[in-house]
Amino acid sequence: MPVQSPIEISNRIIEHIDDIDPLEYHGHWEPVGIARVQNTGTSAVVTFAKRKYLPYIVGGCLGQARFIFEQLHFHWADTDDSGCEHTLEGNKYSMEAHAVHYNAKYNNFTEAKSKPDGLAVVAFFIQACGEKDCPEFRKISEGIRIVQRIHTSASLDSDCLSWIGLQELSKHYYTYKGSLTTAPYFETVTWIIYRTPIYVSRGQVNVFRNLQSCPKDETKKIVNNYREIQKSEKIPEIYFARNAKPKSKL
């Protein structure tokens, strides 16, 4: 049964999965089409347009169902010591990025978001560490500098999500059935949470804290835009994709 998200992930209560089909990413960092980032007043949101097809994920814990990319957004705090939504063995990271996808059996995200099998959200922990920028993440952080004012947007390089590829994406992720972490908190999400954080510089995280949250007061910034851990009487069923089958050869 689904639970409210986010949750604390503990290796004491997870079940390992071996020989699962690889989780596959298609088109997330292809240099085609248009990418944009927008300051929504609650987060920074990345979207794609003018592509022959939108990125999608398939395989792994999703089986044969194809989930189409809708948007990617970020959660952060006022310090580097917290800001993520999920925690792993009690560890908190500086940020958490969510790549939101909807099931291709539905016409769009709006239709899918309330369906039990409607959504898959991929979560990446991001940790501020030192002063050296992560080159791949710079395509995002430099765009954030341009959208400091609320409701502004800017173009990004179409391969701006190439930093996702720093992960071993086919395996080494946790998965469970949970909810959206923003209203209306539908329990319709298959969560995919990668174990290893992506390391960026302190400056690349700090730039998010300059995003304006109020059109009438430029001193008000977006900070602490994360939901606290949700406690539940239900014990969530959490699985860890430890090993993936080799990709089949055509």
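Residues numbered from 1 in each chain as written. Predicted model: local features only at pLDDT ≥ 70, side-chain atom pairs only at ≥ 80, totals over all residues. Heavy atoms only, no water.

**Q** I'd like a rundown of the overall build of the chain, residues and numbers included.
**A** For the chain, the helix and strand inventory stands at three helices and 15 strands. Its C-alpha atoms give the chain a radius of gyration of 17 Å, near enough to 18 Å, the size a compact globule of 250 residues would have. If you line up the chain on its principal axes, its C-alpha atoms span 50 × 45 × 40 Å. By residue count, 51% of the 250 residues in the chain fall in the buried class. (Helix = DSSP H or I, 4+ residues; strand = E, 2+ residues; numbered from the N terminus. Rg over C-alpha atoms; globule rule 2.2 N^0.38 Å. Buried < 20%, exposed > 50% of the residue type's maximum accessible area, 1.4 Å probe, protein only.)

**Q** Requested: an account of the packing of aromatic side chains, with residues and values cited.
**A** Per the counting criterion, the structure on display carries 14 aromatic pairs. Judged by centre distance (6.2 Å) and plane angle (85 degrees), the rings of Phe 74 and Phe 137 are edge-to-face. With Phe 74 in strand β7 (residues 67–76) and Phe 137 in the loop between β10 (119–128) and α2 (138–146), this pair connects stretches of sequence that are 63 residues apart. Of the residues examined, Phe 137 reaches a relative accessible area of 0% and is grouped as buried. A centroid spacing of 5.3 Å and a plane angle of 10 degrees characterise the contact between Phe 124 and Tyr 194, whose relative ring orientation is stacked. Within this pair, whereas Phe 124 is found in strand β10, its partner Tyr 194 is found in strand β13 (residues 189–194), the two being separated by 70 residues in sequence. (Phe/Tyr/Trp six-rings, centres within 6.5 Å; stacked < 30°, edge-to-face > 60°.)

**Q** If you had to explain the pairing of strand β15 (residues 238–241) to someone new, which residues and values would you point to?
**A** In the sheet, strand β2 (residues 14–17) pairs with β15 via four bridges, with the strands oriented parallel. Bridging from a neighbouring strand, His 16 pairs with Phe 240 of β15. As judged from the three bridges shared by strand β12 (residues 173–178) and β15, these two strands associate in the antiparallel manner. Note on β15: the bridge partner recorded for Thr 175 is Tyr 239. (Pairing = 2+ DSSP bridges.)

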